[in-house]
Amino acid sequence: MSFATPFALAWAALTVPIVVFYILKIRLRQAPVSTTIFWQQIFDEKPPRSLWQQLRHWLSLLVQLLWCILLVLALAEPYFNWEILQARRLILVIDNSASMNATDVSPTRLDAAKKAARRLVTSLRFRDEVAVITAGTQPQVVCGLTGHERTLLTAISSVTKSDGPTLVPDAIELAKRLLGEAKHGQVVVYSDGGFAGSERLAEDKLVQLEAIGTTAPNVGITNFQVRRSLLDPVGYEILVEIVNASAEATPCRLDLDLNGNPVDVFPLNLKPGEVWSQTLEKTSVEGGHLTAHLTPDDALAADNKAAAILPKRTTQKVQLFSPGNLFLQKALEANSLVELKAAKELPKQFTAGSIHVFHRHVPKQLPAGQVLVIDPIESCDYWQVAGPLENPIVTKQDIDSPLMRHVRLDNIILPQARKLTPQAGSHTLVSAVEGEPLYFSFEEPGRKVLVLTVNLDEGDLTFRTAFPIMVTNALGWFASQSGELRESLVAGAISEIELPSREKSAPPLSLRSPGGKERPLPRINSKVSVGPLDEVGIWTIAEHPRDAAAKDQPKEPILELACNLATKAESNLNVPESWQTTSVVPVAAASWFVRPIWFYLAACAWLVAIGEWFLYQRRWIS
Amino acid sequence: MPLFDSNFLKQLEYLSLVSRRVFRGSLLAQRRTMQFGSGIEFAEYREYSAGDDLRYLDWNIYARHGELLLKRFQEEEDLHVYFLLDCSRSMGFAGGKKFDLARQLTAALAYIALADLDRISVIAFGDRIVDSFPLTRGKARILPLLDFLENLEPQGSDTDLAQSVGEFVRRKQRMGLAVVVSDLFAPRGYQPGIDLLRHRRYEPHLIQLHDPSEAEPDFLGDIELYDVENNSSRKVTVTENNLRMYRRLFAEHQHGVSRYCRDYGLGCTQASTKIGFEDLVLRMMRVAGALT
């Protein structure tokens with residue numbers, strides 16, 4: 001046996017005064033009596049100093065010494081070496097993914113998992129150490145290895161639900177790294193098994209499984225996207241997918257709303273395991289929040305709702321200055337969002353707030369704002385015009401640019417295309433054989449310029465669908481729209497988001513969750529990585545308020561992101577059969593010695609004190 | 001507060017009346033017929049007691065009323081009552097309540113005897129006779145008697161009844177009734193002294209008094225017993241068992257006194273200080289009235 005605090009053994013010196021006080025005669029209380037004739041009979045009848053008489057006082061001394069020694073040993077905190085050698089290390093992996101929010105186990109599966117974890121923590125032995133890791137959305141160590149029960153219980157209580165996917169295998173890997181080379185290590189997993197590879201986990205000897213949940217039926221939305229139509233500026237397409245992860249046919253209803261206004265309703269009767277997928281075409285100038293809602297509610301509510309951001313369409317004023325080209329004019333007029341005014345001559349002053357389209361003739365200095373130039377014949381402050389290109393064949397194009405979305409000009413000949421030399425700062429979108437820019441752009445704060453050097457009257461570009469798409473893309477680019485698709489994000493995913501350009505002096509941005517939590521974003525003006533998103537709903541990117549007063553006046557968000565569960569594995573609430581048969585977590589408390597040895601010593605001292613008090617009260621000892 | 005105040009005197013008078021009217025003077029059941037008187041002057045009648053001389057029986061009354069009455073002559077009334085009052089320190093235990101009761105009781109009985117034209121004497125003793133009130137007669141002597149009693153104090157060492165009685169019986173005096181008022185806590189026992197009285201033809205009547213704390217001590221644990229009579233002390237550990245044994249021994253002592261008196265036909269009165277002297281005297285009268 002060893003002692004954690006051996007210097008506490010010095011308290012054994014207290015036995016000396018105990019013996020001293022025992023030996024010293026204590027002044028007794030005097031009791032006057034009228035006669036001792038009876039007392040003499042009582043005390044003289046007994047044989048002088050029988051063995052019990054001689055011993056009973058020594059017994060009291062020994063009891064007191066024993067009490068003192070027990071307390072001194074308790075203070076010294078003794079322990080056995082086998083306690084340290086056989087101390088266990090347990091890593092509790094608590095799955096707080098979306099499926100653990102199912103209510104088939106009251107109140108939720110996650111609460112049941114936390115309750116089971118608490119039960120294990122309260123039954124630990126002294127010197128056992130436990131860590132807590134969450135396995136939803138992103139594996140995270142909630143509490144490092146410790147034996148402090150209250151800390152562990154607080155950590156378990158702090159585990160919050162998330163709408164992210166299950167990442168139990170990653171969490172188990174993290175747990176194994178925490179265990180290291182510990183001899184008596186174990187990973188205890190509290191999950192419903194809703195992840196790939198859950199069947200194999202039952203064979204891992206290091207891992208003990210605690211299956212949470214039952215075989216619960218569930219119907220969920222596993223995909224929901226919306227995009228603007230390529231052709232119809234006010235049209236949009238909806239993609240929705242629903243899965244019936246139940247063993248029985250389930251009737252339900254799908255409601256589609258745009259900004260709270262009904263768009264469509266679908267009564268469904270899904271067969272067991274059926275995947276229902278539909279693409280819908282609708283029209284709306286308005287943008288906003290498109291939501292899908294399943295009724296009735298079932299065990300998992302997170303997948304009964306889905307959202308998507310429909311880009312708004314705004315009317316654009318376009319002024320066309322062209323000697324006359326029907327294709328160009330029609331391409332502009334075909335966009336129902338465009339208010340077109342055509343003129344043949346260049347005005348002396350240009351109207352602010354409009355998109356200026358120059359065909360052939362351009363002013364020496366381009367007006368401020370958005371400008372589209374097609375087939376310029378004159379130089380200006382942004383380029384110099386040279387002669388016609390020798391090989392005006394499109395050989396290279398920037399397919400990643402939103403201006404070139406759904407446009408393929410490979411090997412298209414653009415006859416009589418002039419050679420333009422753009423000023424510095426241009427971005428080539430389409431180039432010819434020798435790299436001469438055929439289609440390029442300028443982007444500056446407050447100004448966007450697009451230049452297409454193509455003779456519309458020659459060639460067949462105007463006959464191709466690419467031309468109106470290019471015009472539509474150009475108009476969309478002028479309107480700062482990132483494209484007709486604002487993709488809904490999957491919970492738990494990390495996405496790169498393109499931010500609109502802002503001034504360098506603009507306040508920083510923050511990402512706000514549907515629940516109101518804010519995360520600051522780095523000061524990068526172009527793209528930013530967001531995620532993993534752990535909550536379904538509409539996330540917003542807005543300027544971070546500088547002070548408390550600004551917090552009370554929330555500004556319009558710069559960007560909105562829709563986040564949906566959209567995971568078939570999470571919508572399937574069935575617990576794997578292999579988990580149900582093997583999920584027996586033995587009770588952690590293995591023996592009597594759950595508490596440290598000093599606790600039992602103190603308890604024995606307490607019992608000895610009670611015994612001494614009882615014997616004293618009964619006058620069995622003095 | 002004086003031991004014998006005006007209220008006490010009123011109580012004495014009351015007791016005296018009760019004694020004469022109700023119990024016809026037979027408070028202590030003394031055998032008066034043992035006193036052969038030669039007086040010729042008729043004094044009064046008294047009831048016949050077994051052993052009385054039949055020559056003095058009034059046959060006329062018997063013939064007329066059927067009552068056995070004895071003629072008393074002047075000399076026959078003069079009964080001597082001796083009060084042996086224990087003045088040892090044990091009587092002063094527990095605040096002296098026992099001693100006060102003993103003195104009050106002695107005064108009450110003495111007054112009754114004086115009112116009954118008997119002669120009384122009070123002998124105070126401890127380990128020996130420490131003081132005495134000479135034989136006297138007449139109710140007027142009650143005040144000096146009360147003074148005498150009030151000035152007595154517990155004194156001496158261990159109670160020695162035999163020694164004290166030995167001194168008493170060696171006095172030249174007529175036999176009579178010997179009322180021993182004591183707690184009878186004598187280390188050498190009380191029987192030798194009482195036996196001596198009996199042998200010397202006195203009529204002993206024991207009045208044993210005790211304090212409730214003597215019958216039921218309440219101390220426990222490690223204590224030092226201090227004997228108030230001989231100033232000795234002893235360190236003991238008193239347990240519950242010891243207390244039970246003490247109570248048993250005390251009760252046995254009490255029963256022993258009662259049995260001794262019964263065996264020898266002696267009058268016996270046992271009481272604790274919880275009872276006032278007046279109630280004790282009345283009780284004695286009732287007992288005496290029931291026996292005669």
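A. Representation of the overall build of chain B within the structure. Summing up its helical and strand segments, chain B has nine helices and 10 strands in all. Looking at chain B as a whole, 52% of its 292 residues qualify as buried. Counting only contacts in chain B whose residues sit at least 6 apart along the sequence, the fraction spanning at least 24 positions is 74%. Counting every atom, chain B has about 13,800 Å² of accessible surface; 48% of that belongs to carbon and sulfur.

B. Structural context of the overall build of chain A. Regarding its fold elements, chain A presents 14 helices and 32 strands. Here chain A holds 622 residues, and the buried ones make up 46% of them.

C. Representation of the interface of chain A and chain B. Contacts between chain A and chain B engage 22 residues on the former and 31 residues on the latter. Taking both sides of the interface into account, the surface hidden between chain A and chain B amounts to around 2,800 Å²; carbon and sulfur atoms contribute 66%. For the pair chain A and chain B, the interface holds zero salt bridges. Contributing elements (two or more residues each) for the side of chain A that touches chain B: strand E2 (29-33) and helix H2 (37-45) of chain A. For the side of chain A that touches chain B, a count of residues per class yields nine nonpolar, seven polar and six charged. The pairing of E2(A) with strand E8 (residues 221-227) of chain B spans five bridges and is classified as parallel. Each residue of the ladder has a partner; that of A:Arg29, found in E8(B), is B:Ile223.

D. Inspection of the environment of A:Asp232 at higher detail. Here A:Asp232 shows up in the loop between strand E9 (219-228) and strand E10 (235-244). Along the primary structure A:Asp232 and A:Asn335 are separated by 103 residues, whereas in three dimensions their C-alpha atoms are 7.5 Å apart.

E. Summary view of helix H9 (residues 326-333) of chain A. Residue and element names in this part refer to chain A. All buried positions along H9 are accounted for by Leu328, Ala331 and Leu332. In a view along the axis of H9, the buried residues occupy a sector of 95 degrees, so they form one face of it. Buried residues belonging to H9 abut strand E16 (316-321), strand E17 (338-343), strand E18 (355-359), strand E19 (369-374) and helix H10 (466-478). Two or three places before Phe327, at the opening of H9, Asn325 has a side-chain oxygen 3.0 Å from that residue's backbone nitrogen.

F. Layout of the sheet that holds strand E9 (residues 233-238) of chain B. Taken in spatial order, the three strands of this open sheet run E2(A)-E8(B)-E9(B), and their pairing is mixed. The open sheet is flanked by E2 of chain A together with E9 of chain B, the only strands paired with a single partner. Going across the sheet, the axis of each strand differs from the next one's by a mean of 35 degrees, ignoring polarity. Bridging between E8(B) and E9(B) involves six bridges; their strand directions are antiparallel. When the bridges of E9(B) are listed, B:Tyr226 appears paired with B:Ser233.

G. Region of interest: the packing of helix H5 (residues 161-169) of chain B against helix H6 (residues 191-199) of chain B. Residues and elements named next belong to chain B. For the pair H5 and H6, interaxial distance at closest approach is 7 Å and the crossing angle is 20 degrees. By the angle between their directions, the pair H5 and H6 is classed as roughly parallel. Classified by chirality, the crossing of H6 by H5 is right-handed. Residue-level inspection shows Leu161, Ala162, Val165, Gly166, Phe168 and Val169 of H5 in contact with H6, the latter providing Pro192, Gly193, Ile194, Leu196 and Leu197. The residue inventory of the contact of H5 with H6, partitioned by class, reads nine nonpolar, two polar and no charged.

H. Region of interest: the pairing of strand E7 (residues 203-210) of chain B. All names here are of chain B. Most of E7 sits out of view: seven of its eight residues are buried. For strand E6 (residues 177-182) and E7, the ladder comprises six bridges, and the chain directions are parallel. Residue pairing in the sheet places Val180 in a bridge with Leu206 of E7. Crossover E6 to E7 through H6 is right-handed. Across six bridges, E7 lies against strand E10 (residues 267-272) in parallel orientation. Of the residues in E10, the one forming a bridge with His205 is Gly267.

I. Spatial organisation of the pattern of salt bridges. Residues and elements named next belong to chain A. Summed over all chains, the structure comprises 27 salt bridges over all chains. Residue Asp534 is joined to Arg519 by a salt bridge in which the shortest nitrogen-to-oxygen separation is 3.6 Å. With a gap of 15 residues between them, Asp534 in the loop between strand E30 (527-530) and strand E31 (537-543) and Arg519 in strand E29 (residues 518-520) connect regions that are remote in the sequence. Given a relative accessible area of 29%, Arg519 falls into the partly exposed group. What emerges from the salt-bridge pattern is a single network uniting Arg360, Asp375, Arg418 and Asp457.

J. Layout of the packing of aromatic side chains. Tallied over the entire structure, the rule returns 27 aromatic pairs over all chains. Each ring, one from A:Trp598 and one from A:Phe599, has its centre 6.3 Å from the other, and the planes form 75 degrees; the classification is edge-to-face. Ring geometry for B:Phe168 against B:Tyr202: centres 5.1 Å apart, planes inclined by 45 degrees, an arrangement best described as tilted. Within this pair, whereas B:Phe168 is found in helix H5, its partner B:Tyr202 is found in the loop between H6 and E7, the two being separated by 34 residues in sequence. According to the relative accessible area criterion, B:Phe168 is buried, its value standing at 0%. Accessibility expressed as a relative area gives 6% for B:Tyr202, which makes it buried. Following the ring pairs from residue to residue traces out a cluster consisting of A:Phe38, A:Trp39, A:Phe43, B:Phe185, B:Phe219, B:Tyr246 and B:Phe250.

K. Spatial organisation of the nonpolar core. Residues B:Ile120, B:Leu145 and B:Leu149 are the most contacted members of the largest nonpolar core, which totals 46 residues. Residue assignment for this core shows that the elements contributing at least two residues are helix H1 (6-21), strand E3 (80-86), helix H3 (97-115), strand E4 (119-125), helix H4 (142-151), E6, E7 and helix H9 (277-291) of chain B. It is H3(B) that contributes the most residues to this core, 12 residues altogether. For B:Leu145, the residues in contact, after removing those within four places along its chain, are B:Ala110, B:Ile120, B:Val122 and B:Phe133. Formed by 38 residues, the second largest nonpolar core is a distinct cluster that contains A:Leu403, A:Ile412, A:Ala466 and A:Trp477.

L. Quick peek at the confidence of the model for chain A. On average, residues of chain A score 85 in pLDDT, and 90% of them are at 70 or above. The model gives residues 587-591 of chain A a pLDDT under 50, and that stretch makes nine contacts with residues more than four places away or in other chains.

M. Region of interest: the pairing of strand E23 (residues 426-431) of chain A. Residues and elements named next belong to chain A. The pairing of strand E21 (residues 396-397) with E23 spans two bridges and is antiparallel. Bridge assignment links Lys396 to a residue of E23, and that residue is Ser431. Linking E23 back to strand E24 (residues 437-444) in an antiparallel pair, the connection comprises five residues, with Gly435 at a positive phi of about 85 degrees.

N. Region of the structure containing the sheet that holds E17(A). Residue and element names in this part refer to chain A. Taking strand neighbours across the sheet as the criterion, the eight strands line up as E17-E16-E18-E19-E25-E24-E23-E21 in an open arrangement whose pairing is mixed. Looking at which strands have only one partner, the edges of the open sheet turn out to be E17 and E21. Set on the sheet, H10 makes contact with E16, E17, E18, E19, E24 and strand E25 (447-452); between it and E25 the angle comes to about 165 degrees.

O. Structural detail: the side chain of A:Asn455. Residues and elements named next belong to chain A. Secondary-structure assignment places Asn455 in the loop between E25 and H10. Judged by its relative accessible area of 6%, Asn455 falls in the buried class. Within the local environment of Asn455, its side chain forms a polar contact with the side chain of Gln416, the two groups lying 2.7 Å apart. Within polar-contact distance, the side chain of Asn455 engages the backbone nitrogen of Asp457 at 2.9 Å. Sequence-distant contacts of Asn455, that is, excluding residues within four places in its chain, are made with Arg360, Asp375, Pro415 and Gln416.

P. Seen up close, unusual backbone geometry. Here A:Thr295 and A:Pro296 are connected by a cis peptide whose omega angle stands at 0 degrees. For A:Pro296, the position within the fold is in the loop between strand E14 (288-295) and strand E15 (305-310). The phi dihedral of A:His406 is positive, around 60 degrees, even though this residue is not glycine. Its location among the elements puts A:His406 in the loop between E21 and strand E22 (418-422). One non-glycine residue with positive phi stands out, namely B:Arg201, at about 65 degrees. Turning to its location among the elements, B:Arg201 is positioned in the loop between H6 and E7.

Rules used in this analysis
Residues numbered from 1 in each chain as written. Chains lettered and ligands numbered in written order. Predicted model: local features only at pLDDT ≥ 70, side-chain atom pairs only at ≥ 80, totals over all residues. Heavy atoms only, no water. Helix = DSSP H or I, 4+ residues; strand = E, 2+ residues; numbered from the N terminus. Buried < 20%, exposed > 50% of the residue type's maximum accessible area, 1.4 Å probe, protein only. Contact = heavy atoms within 4.5 Å. Areas by Shrake-Rupley, 256 points an atom, 1.4 Å probe, with all protein chains shown as cover. Buried area = accessible area lost by both parts, 1.4 Å probe. Salt bridge = Lys/Arg side-chain N within 4 Å of Asp/Glu carboxyl O. Nonpolar A, V, L, I, M, F, W, Y, C, P; charged D, E, K, R; others polar. Pairing = 2+ DSSP bridges. Arc of directions from axis to C-beta. Polar contact = N/O pair within 3.5 Å; in protein donor to acceptor, adjacent residues only side chain to side chain. Axes fitted to C-alpha atoms, helices over the stretch in contact; angles between N-to-C directions. Parallel < 35°, antiparallel > 145°, perpendicular 65-115°, else oblique. Left-handed = near helix turned anticlockwise from the far one by under 90°. Right-handed = clockwise from strand over helix to strand, strands pointing away. Phe/Tyr/Trp six-rings, centres within 6.5 Å; stacked < 30°, edge-to-face > 60°. Core = buried A, V, L, I, M, F, W, Y, C linked by side-chain atoms within 4.5 Å. pLDDT = per-residue confidence, 0-100.

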